[in-house]
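Chains, contacts and geometry: an overview
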Protein chains: 2
Amino acid sequence: MVTEGKKYVYAFAEGNGKMKSILGGKGAGLAEMTQIGLPVPPGFTISTEACNDYISLDGQLPQGLESQVEEYLKRLEDEIGKEFGDPNNPLLVSVRSGAAVSMPGMMDTILNLGLNDETVEGMVTLTGDKRFVYDSYRRFIQMFSDVVLGVVHYRFEEILDKYKRRQGVEYDNLISSENLVKVVKEYKDLVLAATGSAFPMDPKEQLLLAIRAVFNSWQNDRAIVYRRINKIPDDLGTAVNVQSMVFGNMGNDSGTGVVFTRNPSTGEKKLYGEYLLNAQGEDVVAGIRTPNDILEMGRELPIAYEQLVGLCNRLEDHYGDMQDIEFTVERNRLYILQTRNGKRTARASIKIAYDLVTEGKLSKGEALLRIDPNQTGHLLHRNIDPNASLEVVTKGLPASPGAASGIVVFCADKAEEMGNDGQKVILVRAETTPDDIHGMVAAEGILTSRGGMTSHAAVVARGLGKPCVAGADGVKVDEVKGLCVVGNHTVNEGEVISIDGATGSVYLGPVPLIDPELSHEFQEILCWADLERNLGVLANADTPEDAQKARDFGAEGIGLCRTEHMFFAQDRLPVVQSMILSETKSERMEALQQLLPIQQGDFYEILKVMAGYPVTIRLLDPPLHEFLPNPTELSLEIQKIKLTGRNKEELHDLEELLRKVKNLEEANPMLGHRGCRLGITFPEVYEMQARAICQAAAKLGQEGVDVYPEIMIPLVGHYRELEIMRELVVQIAEKVEKETGVKLKYKVGTMIEVPRAALTADEVAVHADFFSFGTNDLTQTTFGFSRDDAEAKFIHEYVHRKILPENPFVELDQEGVGQLLEIAVRKGRTVKPELKVGICGEHGGDPSSIDFCHRTNLNYVSCSPFRVPVARLAAAQAKLRNG
Amino acid sequence: MVTEGKKYVYAFAEGNGKMKSILGGKGAGLAEMTQIGLPVPPGFTISTEACNDYISLDGQLPQGLESQVEEYLKRLEDEIGKEFGDPNNPLLVSVRSGAAVSMPGMMDTILNLGLNDETVEGMVTLTGDKRFVYDSYRRFIQMFSDVVLGVVHYRFEEILDKYKRRQGVEYDNLISSENLVKVVKEYKDLVLAATGSAFPMDPKEQLLLAIRAVFNSWQNDRAIVYRRINKIPDDLGTAVNVQSMVFGNMGNDSGTGVVFTRNPSTGEKKLYGEYLLNAQGEDVVAGIRTPNDILEMGRELPIAYEQLVGLCNRLEDHYGDMQDIEFTVERNRLYILQTRNGKRTARASIKIAYDLVTEGKLSKGEALLRIDPNQTGHLLHRNIDPNASLEVVTKGLPASPGAASGIVVFCADKAEEMGNDGQKVILVRAETTPDDIHGMVAAEGILTSRGGMTSHAAVVARGLGKPCVAGADGVKVDEVKGLCVVGNHTVNEGEVISIDGATGSVYLGPVPLIDPELSHEFQEILCWADLERNLGVLANADTPEDAQKARDFGAEGIGLCRTEHMFFAQDRLPVVQSMILSETKSERMEALQQLLPIQQGDFYEILKVMAGYPVTIRLLDPPLHEFLPNPTELSLEIQKIKLTGRNKEELHDLEELLRKVKNLEEANPMLGHRGCRLGITFPEVYEMQARAICQAAAKLGQEGVDVYPEIMIPLVGHYRELEIMRELVVQIAEKVEKETGVKLKYKVGTMIEVPRAALTADEVAVHADFFSFGTNDLTQTTFGFSRDDAEAKFIHEYVHRKILPENPFVELDQEGVGQLLEIAVRKGRTVKPELKVGICGEHGGDPSSIDFCHRTNLNYVSCSPFRVPVARLAAAQAKLRNG
């Protein structure tokens, strides 16, 4: 029976998952779980409306709220068979805030509310663990006093520290129960001294005070600022969740654990998890006792185990996904504390999605949406060559699959720094914490000496798809000395080790890695994706080997073949340099004549591998001085000769070289004399490249191979540039057609990589068969960021401080750069409705960027060969999400 | 009476100036002049329709055309009293093409058509100048044979050269009449040999052939390509103008000259020009005889002179502008060959416009539109200090006013190269040709030893507003030796000279220059402009001196005050460097504390000068390494110490310095760690600057001075950057207000100088009180051009080859960069309809860019102090043109 007036309080059983606005997110979730019949520890939720009324009443509890709370508390006592304040069998509850939108700054959880000087003794009797109970009591006092009574946190810590010093122990959990009793006494004295009142002993008073504290936290400064920034309405209000506490440490008929409904590492359909008899959840998390395999529970707590197995199935059916479930058994009664979609390895996510489709629990489309494409990218990481004979120096848990070699570092900052510098590092730590995530992101792999399969390192590494070996006892880390002992070997920071996250093995030095095969399930899922997606998926590849790799991964052509990489090969660079340093056109032509057959050979091989598919070849792009020696080094060399008198015969040549190199030096090479600007001022270079492409295509044509070269002019900013370069290519192509008698099927298009090209795309499109967005350079010019400088100097700080949501070189900046893509597509297609448009920057392999490309009606994305499967999947998801 | 069928031929008197599409531009002009009663040598125009019909008839003259031509020829003979082919008094005509749109590639002018072996003798008798007549005849044969009969030009030149060699002379005009008779004979033989037919002697046949040649030239390749590129319809067709020739060398009752209706140098209302008795126009232009002042004509040809004076007035009334008139007197009969708005100096253009308003011939608005703002910019150039006592080493004609000092160069290419390098050069040449224009543009001034006030050098220099001394006999140029003799002194290339184009004086070495005063008329006209314009005009000024100059020129505030220039002062740089090189925040704070009072002093003075007006101060913008030594030089210094063992005590410091400098080095500084990126990562620098500004403003407030500092955050690309920097400034301002008790009237805004800021201007505007377009950087990022590199390496080639219409750093690229301005204004004002928006790039002083700013509804432009009057005028013109 509800008291008069508004209904403010809802038992979990009265709500459901859709009532977020009234029950908050957490309350609606608890209601939903209760609704589907899960044995959730019972409780009730005080509505967001109560919060709003409380605020509009200037901090008075609204009429009827107190009596409704009392009523629901009574129901709770009846249901659970315990009573608030009963010294023999006390009801204890947790109190949590819970708005419709998750927000920082809100009141933290208060656990074990209901403990007082009497009930604490009852709990000692019930659990037989005085240390545990008094520790819970002192934590409750500390938390409650901090968030409800406003007695600052550190004053309690001082007392605790005093007893740790007295007892000579380092960790909280080693304080004896006798000392904890004294701590509790001193805590209560502190509260009296600080507030002028004794710590409240009446559980109902505790509860009402806690409810007020939750309501008040809605109005604290941090929450208000957060809502203002994130445009969250102030009148959403927060709900309050009051839930009965359950205890897994009430004897050998109790226990606690975590279970995954399938193996989160392999995806195998088999319960997977850890469990401790007669223990609280924090014992599992803290790693104080080593948990048993979940199967052990079948023997020790057979009834609860049976029930758990049934629930696992029911939860999978309900959520259509593998679940990660926290549970507690209190005196043979099973309670589900939390269930959520379980984190998993890429390998597992694919197997699970595939199996769920096979089991009829999911449609193919749903399954495709279940897989995180970014994560599957890591499936394509390398593994250790099984044919190599290697010595395993120690073993840990196989916490996240994949193999890696790298330089040992012991600190996350350093890992990040070196990783950003392009160095491969392995982060080695006793255990990881959330503070280490940036270092884990930058590392090739993670090795810890403590923690299990559900430790922080293991969970995060699986999420990141990084190889991880966890809990390797054989590794002793000494961060101060900057070394670790691995088995019998001492490894200093800076030395190389290798790990295999699939087996848990650790190796000294580097190991031979091999490319992975795609699993049968993955192949199958990618086929589903191919049927779904609109976007074509091409690859960026500069060599025949990369081109072959790209085809193996399902690329439908090459979206970017960079010709300059071919110029850097050791046997070619001298010719390229002599071409650049030519003072006359005839000297330059001579060098180009040497390069022509070499380039022709390159293109011949690549076009051949990609027979039947388009191969987009970008003509020379970087500034010429990139191919030349460094002028500072040259200056130093010249000074040395002058000062020492040695090697004088080289002086003249070096001085001459320096003069030419300095002539080509640029203040901002990114924005300098490069791309089609070179093609216009030194047309003979582009002529040579166009000829090499056409001759290669003609030769293949004569051999009966079907090839589609697409010649891409870089860095066009004004349509006239493209017009002139197109004319040049067409003339060469016509000449080659005449010379060989082969009719070439070629296209000429441009990269859109400076804002002006996008803004004037209607003019540019007239002369283009296709557009390809060079989003790396377009991001540089749109932001005015030099990637080389910005990533080293400030972008990470920008992301860290949330000035930018993401590094725009990793995830396409849809708000800014994206507008230029939209403008270019719209204007380009006004002139040529069928204009082919793609993207070939690194964003072409990033799922959120791919989603944007789909929505912007691009024809294709092009990415590195290893990202091709990721892109196929992401393209399908984009279609499924946006239609 | 018109013959049957279409009317193809129009006497000049039958048409008018509006009939461009049927008579072509030239024909309509001749008709207009005839209509208003000018004594134009009579003639007729064959319509563009005739051309189109000729083409559609595949090269047949359309029905009726020939008979109409004959009829109009007859009328012409009657009117002028000469007859085609009459050996005693022959009618000679010119034949010219003339389309509605002026086009290259069309047929050149044929003069003296009607000459043959008989009429040539008649002309000898009439003029008494056999050399002149035979030279005209051989030129006619050569021209006609080339363009009508297709006998290439150089074959005639070979014959001419042969006779020059024989006679041992260098120039055409020195060939004797006897030899010219022989040349004519050989020319005719050549035509017979080359074409198989004799050169046509029948004038009517000559005329019909010439008409066909004009029609055919409409269809030549060059014209077709030009029309395609410029999107000119192919069916416009060209008209043919047939006009009677008149001769100023028919005795002492004949003559020829050029007259300006007012003095083109000073604007004085007095005829100004040059005249030669018994001469042809080319004698004046070629400078063979030195012409007399036009006043001489009043004595020698009084009747014609009286008529000329009357016509000058009539023409000014008709065109409402000063005219530049070419005339010829043939046997006391005055003919006007051409009249056009006369080129003039800036000074003259202002006086003329002002006087025309005073005389009631023009409205103020029309007068404002008459003045070329770019040209008036040069009025603001400097003159020689009249108090300096200087030795004039030689004098020439005062061809274009203004004074200049610079390094002597003798070739236009070198002048351009050095000028673009920022060096001041004086281009010294015997005379200039159109090939020299690029050098003249780059030079500070021009000095020639030959030519008069209407010589090429003089006309072009006046147009450019460059100082020019022309026809200085005392200067002997020896380009081969790279020197010139000036008076008695030898000046080598590379030495400095000075010229004063207002007096014609030439000086050795540099001279003291002073700033100009604005003339009364100019001041008045600028007042009219101020009443007309919508755009505000502010100045870019970094010093109190520049600020004062800006106010004197009428600036309504400072649109850009760059604070970094203050950092480069010799006494401050060491402090700035120590600030940059600080390893700790406290070290940095110490250096900043030293800079604070200095900066405060800077701002105090500038704000004081600009009391009552806004002063927009940009916080530190350039990358920090700009303030540090060059790392290559440091490396060389270090190596030197190591190799020589000298100054070893400095080694450690230098190595340490190099390490820090290298740390700050950037690959592309333009896009690097600068602007607000510095403000975010090193907030203490911006804090110091904000405090200096606020304290200066507060101090002035206490002194009762009304100041409006506007703090501008540079290089914002994402609104969060501005949000954070704004917060920083506001906090400092509030502190200073508290400390001083002065309420500050300040604004915080941003530069829009990267494309992303423009694209997301709606987000940025939320945090901005104003936008200022930094179009220099915005042009760099939109094109992807580094100005430093692009201007040196390829922009000039791009402009030269018409890939770009203009250097976009000089004239705003309206198609590309302009779109971003439009987007930013539109989006910014969606959020804040009253948002103040201006431009502070160099484009702020460019008239065409100012016109764009007006159309884009900007509030103001800001430019260098010297450009302020230009901008005031251009802003008024923009309003007058666009409303």
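Anything mentioned here points back to the structure above.
Here is what the cut-offs are and how they apply
Residues numbered from 1 in each chain as written. Chains lettered and ligands numbered in written order. Predicted model: local features only at pLDDT ≥ 70, side-chain atom pairs only at ≥ 80, totals over all residues. Heavy atoms only, no water. Contact = heavy atoms within 4.5 Å. Buried area = accessible area lost by both parts, 1.4 Å probe. Salt bridge = Lys/Arg side-chain N within 4 Å of Asp/Glu carboxyl O. Polar contact = N/O pair within 3.5 Å; in protein donor to acceptor, adjacent residues only side chain to side chain. Helix = DSSP H or I, 4+ residues; strand = E, 2+ residues; numbered from the N terminus. Nonpolar A, V, L, I, M, F, W, Y, C, P; charged D, E, K, R; others polar. Least-squares fit on C-alpha atoms with pLDDT ≥ 70 in both. Phe/Tyr/Trp six-rings, centres within 6.5 Å; stacked < 30°, edge-to-face > 60°. Buried < 20%, exposed > 50% of the residue type's maximum accessible area, 1.4 Å probe, protein only. Lys NZ or Arg CZ within 6 Å of the ring centre and 35° of its normal. Expected span 1.5 Å × (residues − 1). Axes fitted to C-alpha atoms, helices over the stretch in contact; angles between N-to-C directions. Parallel < 35°, antiparallel > 145°, perpendicular 65-115°, else oblique. Left-handed = near helix turned anticlockwise from the far one by under 90°. 1 Å grid on protein atoms, 1.4 Å probe; cavity = no way out; pocket = protein on both sides within 12 Å on 5 of 7 lines; lining within 4 Å. Points joined across faces, edges and corners; volume = space filled by probe spheres on them. Core = buried A, V, L, I, M, F, W, Y, C linked by side-chain atoms within 4.5 Å. Pairing = 2+ DSSP bridges.

1. Some remarks on the interface of chain B and chain A
Often, the extent of an interface is quoted as the loss of accessible area on bringing the components together. Facing the 57 residues of chain B at the interface are 56 residues of chain A. A combined buried area of about 4900 Å² lies between chain B and chain A, and 57% of that area is made up of carbon and sulfur atoms. On the chain B side of the interface with chain A, the three residues burying the most area are Leu-671, Arg-756 and Lys-793 of chain B, jointly 13% of the side's total. With its nearest N and O atoms 2.7 Å apart, the salt bridge here joins Arg-756 of chain B to Asp-813 of chain A. One can count 37 residue pairs in polar contact (both at pLDDT 80 or more) joining chain B with chain A. Residue contributions to the side of chain B that touches chain A peak at seven residues, all from helix α24 (residues 631–644) of chain B. For the side of chain B that touches chain A, the class distribution of residues is 22 nonpolar, 18 polar and 17 charged.

2. Examining the relation of the copies chain B and chain A
Superposing chain B onto chain A takes a rotation of 179° combined with a translation of 0.1 Å along the rotation axis, leaving an RMSD of 0.2 Å. What we have between these two chains is a two-fold relation. By residue overlap, the copies meet face to face through one surface: 98% of the interface positions of chain B are interface positions in chain A.

3. Side note on the packing of aromatic side chains
Geometry of an aromatic ring pair is reported as the spacing of the ring centres plus the angle between the planes. Enumeration over the complete set of coordinates arrives at 29 aromatic pairs over all chains. Relative to Phe-199 of chain A, the ring of Phe-144 of chain A has its centre 5.4 Å away and its plane inclined at 70°; by these criteria the two rings are edge-to-face. Taken together, the residues span a long stretch of sequence, with Phe-144 of chain A in helix α5 (residues 130–149) and Phe-199 of chain A in the loop between α7 (177–195) and α8 (203–217) at a distance of 55 residues. Ring geometry for Phe-260 of chain B versus Tyr-272 of chain B: centroids 6.1 Å apart, planes at 65°, classification edge-to-face. Residue Phe-260 of chain B is located in strand β6 (residues 255–260), and its partner Tyr-272 of chain B is located in strand β7 (residues 272–277); the two are separated by 12 residues in the primary sequence. On the accessibility criterion, Phe-260 of chain B (4% relative accessible area) is buried. Ring-pair connections join several aromatic residues into one group, and the members of that group are Phe-783, Phe-785, Phe-794 and Tyr-798 of chain A. Above the face of the Tyr-163 of chain A ring, Arg-166 of chain A is positioned so that its terminal group lies 4.8 Å from the ring centre. Taking NZ or CZ as reference, Lys-699 of chain A lies 4.5 Å from the ring centre of Tyr-604 of chain A, over its face.

4. Re the pattern of salt bridges
Residue and element names in this part refer to chain A. For the structure shown, the criterion picks out 114 salt bridges over all chains. Across the pair Lys-164 and Asp-161 runs a salt bridge whose closest N-O atoms are separated by 3.7 Å. Of this pair, Lys-164 and Asp-161 both sit in helix α6 (residues 153–167), three residues apart, which is roughly one turn of that helix. Two residues, Arg-299 and Glu-296, come together in a salt bridge whose shortest N-O distance is 2.6 Å. Of this pair, Arg-299 and Glu-296 both sit in helix α11 (residues 295–300), three residues apart, roughly one helical turn. Overall, Glu-296 belongs to the partly exposed group, its relative accessible area being 27%. It is possible to trace a salt-bridge network through shared partners that takes in Arg-262, Lys-269, Glu-316, Asp-317, Glu-359 and Lys-361.

5. Overview of helix α34 (residues 817–831) of chain A
Along an α-helix, residues three or four apart share an orientation, since each turn contains 3.6 residues. Residues and elements named next belong to chain A. Counted at 1.5 Å a residue, the expected span for α34 with its 15 residues is 21 Å, and the 22 Å between its end C-alpha atoms agrees. Within α34, 11 of the 15 residues are buried, leaving the element largely enclosed by the surrounding structure. Every buried residue belonging to α34 is among Val-817, Gly-818, Gln-819, Leu-820, Leu-821, Ile-823, Ala-824, Val-825, Lys-827, Gly-828 and Arg-829, and all of these are buried.

6. Comments concerning the packing of α5 of chain A against α8 of chain A
Residues and elements named next belong to chain A. Running from amino to carboxyl end, α5 crosses α8 at an angle of 45°, the nearest separation of the two axes being 10 Å. Judged by the inter-axis angle, α5 sits oblique to α8. Along this stretch, α5 crosses α8, giving a crossing that reads as left-handed. Taking contact as the criterion, the partners of Phe-140, Phe-144, Val-147 and Val-148 in α5 are, on α8, Gln-206, Leu-209, Ala-210 and Ala-213. Counted by class, the contact of α5 with α8 contains seven nonpolar, one polar and no charged residues.

7. Here we look at empty space enclosed by the protein
Tallied over the entire structure, the rule returns six cavities of 30 Å³ or more. In this structure, the largest cavity encloses a volume near 50 Å³. For the largest cavity, the full set of lining residues is Lys-793 of chain A together with Pro-623, Leu-624, His-625, Leu-664, Glu-666, His-673 and Leu-678 of chain B.

8. Topic: the nonpolar core
Counting 309 residues, the largest nonpolar core has Ile-713 and Phe-773 of chain A together with Ile-713 and Phe-773 of chain B as its most contacted members. Among residues more than four places away in sequence, those in contact with Phe-773 of chain A are Ile-752, Leu-778, Leu-821, Ala-824, Val-825, Val-837, Gly-838, Ile-839, Cys-840, Gly-841 and Leu-858 of chain A. Cys-51, Leu-73, Met-107 and Tyr-163 of chain A belong to the second largest nonpolar core, which has 69 residues in total.

9. Comments concerning the sheet that holds strand β8 (residues 292–293) of chain B
Residue and element names in this part refer to chain B. A sheet is described by the order of its strands in space; here five strands give the open sequence β8-β7-β6-β9-β10, paired in antiparallel fashion. Strands with a single pairing partner mark the edges of an open sheet, and in this sheet they are β8 and β10 (333–341). Bridging between strand β9 (residues 323–330) and β10 involves eight bridges; their strand directions are antiparallel. Bridged to Gln-323 within β10 is Asn-341. Contacts from helix α12 (residues 302–319) reach β6, β9 and β10 within the one sheet, and its direction differs from that of β10 by about 30°.

10. Observations regarding α12 of chain B
Residue and element names in this part refer to chain B. Taking 1.5 Å of rise per residue, 18 residues should cover 26 Å, and α12 covers 26 Å from first to last C-alpha, within 8% of that figure. Along its buried surface, α12 packs onto β6, α11 (296–300), β9, β10 and α13 (346–358). Two residues or fewer past α12, Gly-320 is found with a positive phi of approximately 60°.

Honestly, that's just the spatial picture; any functional story needs more than this.
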